[in-house]
Structures are given as C-alpha cells and as structure tokens.
Amino acid sequence: MADEKPHCKVVLANNIAKGLFEEVHEGLKKIDRMPLLVGFLSSADPAARVYAEWTGKTASENGFAFELREVDRELLEDALIDANNDPKVDGIIVYYPIFGNRQDQYLQQILDISKDVEGLSHRYIFNMYQNIRFLDPENTKKSILPCTPLAVIKILEYLRIYNTILPYGNRLYGRTITVINRSEVVGRPLAALLANDGARVYSVDINDVQQFDRGQGLRKRRHEVTERPGWTLKDCLPLSDVVISGVPGDKYKVPLELLRDGAVCINFSSEKNFTPEVKEKASIYVPAIGKVTIAVLLRNLLRIVQNKIDSAAEESNKGSKDEAVQATS
Ligand SMILES: NC(=O)C1=CN([C@@H]2O[C@H](COP(=O)(O)OP(=O)(O)OC[C@H]3O[C@@H](n4cnc5c(N)ncnc54)[C@H](O)[C@@H]3O)[C@@H](O)[C@H]2O)C=CC1
Ligand SMILES: Nc1nc(=O)c2c([nH]1)NC[C@@H]1CN(c3ccc(C(=O)N[C@@H](CCC(=O)O)C(=O)O)cc3)C=[N+]21
C-alpha cells in the first residue's frame, strides 16, 4: 500500500483574521461615527506603498475612514504635529522606512500616543517590556500592544498554542518557541511578549541567540534575558514546539532538517522563509500573517476611540459632579 501524504495543516491569515474583524464590527456598531485613520507615506520603499494601499483598502472595507497623505519627508514632522492636533483624526500610521536610520525612531515618537495605532510609542513599548497591561491605576484602559507581535499572539491563540486551562498571563507555560528576527519593531517585542506569557523563547538574530523566560516555575513577574554564547539554530530548533521566522530577503530559508517533527511554523517575512517542504514536517504552517496584522491595527484603532469616548464621559461626569457641588455650596 502506498504511504499516505504528510498531515500538515496550512492555516491562512484570512481565516484567523475573520474573528478579529467580527470583533471590530461589533465594537464599531456601538460608536456613532466612522473613526478616521490617517496614513503618512514619505517612504521611497515600494513595500511601504504596497502596505499603505493595503491598509487603506482593508480599513475602508471594514467601516473605517482612511486618508493617505503623501508628504515630502522633510515636511513630515510638521504634518504629524498638525494631525496630532486635529480632533477629526483618530489614528495615525507612518509607513517605514523613511530615512532608514534613527531619525525614523525620532519621527515615530512625535506621534501623540493617543493616536498611535501601531503601538510603537515609548510608553506602550515600556509597558510591554515591563509586563504592565493597563494604562490607568484602576485597570480599565488596556495598554496598546505593537501590531505585528500582537498579530502573532492572536495566531498562536487561534492555533490553541495558548492553553486556556492555565490562568491568563501564564498560558504559554511549558512551550518552547524560536523567533528568528530581533528587530525593535517585531522580533524583540515578540520574544518579550511570549516570555511574559510563560514561554521559553529562543530569540535568534544574525549574530547570536538569547533566551527570554520568566525563570523556573515562572517565578519572575516579567521576562529576563540570558545570553546563549555559541548557540545557533542547531541548538534551538530541535527543542522548539513553535518556530516563527521573519528574516527579510528571499535568500534566507529555515533549515528544515533541524525542525522537530510536528512543529508549528509561522512566517511573517514578506518573503517565504520556509520552503514548501516544510509541509513534510510541520503539523501546522502559517505562510503569511499580514491580514491579521491589519485586523489588529484596526482593533487598536477601535480601542483608542473607545478610550477617548470613555475619558470624555468621565470628564463630563466629573464636570457635572463639580457643578452639583458648587450648586449645593
Ligand atoms: N507581516 C507583517 O505584518 C509584517 C512583516 N514585516 C516583514 O518582516 C520582515 C522583517 O522586518 P523587520 O523586523 O522590520 O526587519 P529588520 O531588517 O529590522 O530586522 C531583521 C532581523 O532579522 C535578523 N536576521 C537577518 N538575517 C538573519 C539570518 N540569516 N539569520 C537570523 N537572523 C537574521 C536580523 O538580525 C534582524 O534581527 C520584512 O520582510 C518585513 O517586510 C514587517 C512588519 C510587519
Ligand atoms: N509603519 C509601518 N508598519 C508596517 O507594518 C510596515 C511598514 N510601516 N512599512 C512596510 C512594511 C511591510 N509590511 C508587510 C506587512 C505584511 C506583509 C505580508 O504578510 N504579506 C503577505 C500577504 C500579502 C497579501 O495578502 O496581499 C505576503 O506577502 O504573502 C508583508 C509586509 C509591513 N510594513
């Protein structure tokens, strides 16, 4: 009898994004206006333009207003300040790379954090690394998480890598995950988030391997980082339940012979980091995640608008209480 085909399940981002879009539609129904997202395109990179057009299209299809502003990069700083001050603008996204150096980070920090839908402002990133999940002492306003790392988490939840029998915040306890990419916008925050949720994470970049975890028995409140001198993918991949890769360029391929049989493989690079043979060994393969990233982006925008409405309601409540106090005194 002939051998059967391998049993890999290929899971597409569209299916994972569906639930998130439904959540967003439900939330939008409770708001009496169409939130406005403004995108700033000052980048010469064709990938930035493609992504800009794609965010615009997806935003419009899902009940948001979207406006693309193409500005000369030397004028971007002032244009951002104008958008910060414009009450009609709910969320802002600036497409990168622009200068391709630290000036891009400078521009990122100009954004008013109450309009930062990508969650890359210092306060949000700080909360994430410190495992602080709310913006207010009463724990009513959730902090915003960076989009692409959060998209990966939503995918791991969908795939039931998050074990819901464990308490919230520890649901990755017992999982070993390799993340190949340690950029400040995706790989490093992702490794930290996964470790904060209880995983042991091997964070691999072009130079070395670092381990992120909360210690034996998850004794620590937040993740710590340990260098793994001399380690390479040869040491990490055979131990990993999940392998997440985001290396730019079409040359890079994850060495499949090192994968555990039945590993879960996720690609977030624009290029395919896994060759098609990954299906011979993986139990689940997610070839691209972009659609989920945009769903998370719109979910962040909705949360920002809800926070704004809640704050305004609190203010007017406070105002009427003050008036009441004045009236009785
Ligand atoms: N799907 C999505 O939603 C998103 C996808 N991307 C894509 O993800 C990719 C990475 O983007 P960024 O993190 O911004 O890029 P980046 O260039 O800032 O970082 C690349 C990372 O990969 C590592 N790396 C490079 N070569 C390697 C090798 N041979 N072995 C191990 N590590 C290696 C580098 O050390 C670095 O940590 C791009 O293709 C980008 O288009 C980026 C943002 C969102
Ligand atoms: N502020 C900012 N944030 C970004 O997140 C950002 C940016 N600037 N500048 C440009 C890059 C590029 N980028 C991609 C997103 C998804 C895919 C992706 O997953 N693409 C899939 C699906 C494509 C599709 O379905 O059309 C694929 O290539 O197979 C790729 C690349 C985000 N970027």
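Residues numbered from 1 in each chain as written. Chains lettered and ligands numbered in written order. Predicted model: local features only at pLDDT ≥ 70, side-chain atom pairs only at ≥ 80, totals over all residues. Heavy atoms only, no water.

Student: Teacher, can you tell me more about the overall build of the chain here?
Tutor: The helix and strand tally for the chain stands at nine helices and eleven strands. What you see for the chain is a C-alpha radius of gyration of 21 Å, in line with the 20 Å of a compact globule of 329 residues. When the 329 residues of the chain are sorted by exposure, 48% land in the buried category. Look at the contacts in the chain between residues 6 or more apart in sequence, and 62% of them connect residues 24 or more apart. Summed over its atoms, the accessible surface of the chain is roughly 17000 Å², and 53% of this surface lies on carbon and sulfur atoms. (Helix = DSSP H or I, 4+ residues; strand = E, 2+ residues; numbered from the N terminus. Rg over C-alpha atoms; globule rule 2.2 N^0.38 Å. Buried < 20%, exposed > 50% of the residue type's maximum accessible area, 1.4 Å probe, protein only. Contact = heavy atoms within 4.5 Å. Areas by Shrake-Rupley, 256 points an atom, 1.4 Å probe, with all protein chains shown as cover.)

Student: Just to check I follow, could you spell out the sheet that holds strand β6 (residues 200-204) for this structure?
Tutor: Two strands in a sheet stick together by hydrogen bonds in their backbones, pointing the same way (parallel) or opposite ways (antiparallel). Strand order in this open sheet of eight strands is β1-β11-β10-β9-β5-β6-β7-β8, and the pairing throughout is mixed. Every interior strand has two partners, whereas the edge strands, β1 (9-10) and β8 (224-227), have only one. For strand β10 (residues 264-267) and strand β11 (residues 284-286), the ladder comprises three bridges, and the chain directions are parallel. Paired with Val264 across the two strands is Ile284, which belongs to β11. Sitting on the sheet, helix α6 (residues 147-158) touches β5 (176-180), β9 (242-245), β10 and β11, and the angle it makes with β9 is about 150°. Contacting β5, β6, β7 (209-213) and β9, helix α7 (residues 187-196) crosses the sheet at an angle of about 35° to β7. (Pairing = 2+ DSSP bridges. Axes fitted to C-alpha atoms, helices over the stretch in contact; angles between N-to-C directions.)

Student: Whenever I open this one, the UniProt feature "domain: Tetrahydrofolate dehydrogenase/cyclohydrolase NAD(P)-binding" (unreviewed entry) in the chain confuses me. Can you help?
Tutor: Taken from the UniProt record, the annotation "domain: Tetrahydrofolate dehydrogenase/cyclohydrolase NAD(P)-binding" (unreviewed entry) applies to residues 146-206. For residues 146-206, the end-to-end C-alpha separation is 22 Å, with 36% helix and 16% strand making up the annotated structure. (UniProt positions renumbered as here; feature names shortened; annotations may be inferred.)

Student: Which parts of the structure should I look at to understand the site of ligand 1?
Tutor: Surveying the vicinity of ligand 1 reveals 17 residues, the closest of which are Asn181, Arg182, Ser183, Ser270 and Thr293. With respect to ligand 1, the side chain of Ser183 contributes an N or O atom lying 2.6 Å from an oxygen atom. Here an oxygen atom of ligand 1 sits 2.5 Å away from a polar atom, N or O, in the side chain of Ser270. Expressed as a share of its isolated accessible area of 860 Å², the protein-covered part of ligand 1 is 69%. (Near = heavy atom within 4 Å. Polar contact = N/O pair within 3.5 Å; in protein donor to acceptor, adjacent residues only side chain to side chain.)

Student: What exactly am I supposed to notice about the site of ligand 2 here?
Tutor: The immediate surroundings of ligand 2 are formed by 13 residues, with Val94, Tyr96, Glu118, Ser270 and Gly290 found nearest. In the model, a nitrogen atom of ligand 2 is placed 2.7 Å from a nitrogen or oxygen of the Tyr96 main chain. Within the side chain of Glu118, an N or O atom sits 2.7 Å from a nitrogen atom of ligand 2. In isolation ligand 2 has 680 Å² of accessible area, and contact with the protein removes 65% of it. Sorting elements by how many residues they give to the shell around ligand 2 places helix α2 (residues 46-61) first, with four residues.

Student: Got a minute to help me understand the side chain of Asp104 in this structure?
Tutor: Within the secondary structure layout, Asp104 lies in helix α4 (residues 102-110). Look at Asp104: it is buried, it has no salt bridge, and the nearest opposite charge is Arg73 at 6.9 Å. Discounting chain neighbours no more than four positions away, the residues touching Asp104 are Tyr96, Pro97, Ile98 and Phe99. (Lys, Arg positive; Asp, Glu negative; His and termini not counted. Salt bridge = Lys/Arg side-chain N within 4 Å of Asp/Glu carboxyl O.)

Student: Help me understand the UniProt feature "domain: Tetrahydrofolate dehydrogenase/cyclohydrolase catalytic" (unreviewed entry) in the chain in this model?
Tutor: Following the UniProt record, the feature "domain: Tetrahydrofolate dehydrogenase/cyclohydrolase catalytic" (unreviewed entry) maps to residues 13-118 here. Split by type, residues 13-118 is 49% helix and 15% strand. Its first and last C-alpha atoms lie 19 Å apart.

Student: Hey, could you run me through the packing of aromatic side chains in this one?
Tutor: We describe a pair of aromatic rings using the distance from one ring centre to the other and the angle between the two ring planes. What the rule picks out here adds up to four aromatic pairs. For the pair Tyr51 and Trp54, a centre-to-centre distance of 6.5 Å together with 75° between the ring planes defines the contact as edge-to-face. Taken together, the residues Tyr51 and Trp54, both in helix α2 and three residues apart, mark about one turn of the helix. A relative accessible area of 22% places Tyr51 in the partly exposed class. With 5.2 Å between their ring centres and 40° between their planes, Tyr202 and Trp231 make a pair best called tilted. Residue Tyr202 is located in strand β6, and its partner Trp231 is located in the loop between β8 and α8 (233-236); the two are separated by 29 residues in the primary sequence. An aromatic cluster is present here, built from Tyr51, Trp54 and Tyr95 joined pairwise through their rings. We note Arg228 situated over the ring of Trp231; from NZ or CZ to the ring centre the distance is 5.5 Å. (Phe/Tyr/Trp six-rings, centres within 6.5 Å; stacked < 30°, edge-to-face > 60°. Lys NZ or Arg CZ within 6 Å of the ring centre and 35° of its normal.)

Student: What is the right way to look at the side chain of Ser245 in this model?
Tutor: Within the element layout of this structure, Ser245 appears in strand β9. At 2.7 Å, the side chain of Ser245 and the side chain of Asn273 are in polar contact. Not counting residues up to four positions away in its chain, the partners in contact with Ser245 are Ile180, Tyr252, Val254, Ile266, Asn267, Phe268, Ser269, Asn273 and Phe274.

Student: Is there a simple way to explain the nonpolar core in this structure?
Tutor: One broad trend across soluble globular proteins is that nonpolar side chains are buried collectively. Of all hydrophobic cores here, the largest spans 65 residues; its most connected members are Leu156, Leu159, Ile177, Leu194, Ile244, Ile266 and Val292. Considering every element that reaches this core, the biggest residue donor is helix α9 (residues 290-328), with nine residues. Counting contributing residues per domain, this core is built from domain 1 (32-115) and domain 2 (148-290), each supplying no fewer than three. Apart from the residues within four sequence positions on either side, Val292 is in contact with Ala13, Ile16, Ala17, Leu20, Ala151, Lys154 and Ile155. (Core = buried A, V, L, I, M, F, W, Y, C linked by side-chain atoms within 4.5 Å. Domains from an automatic or database assignment.)

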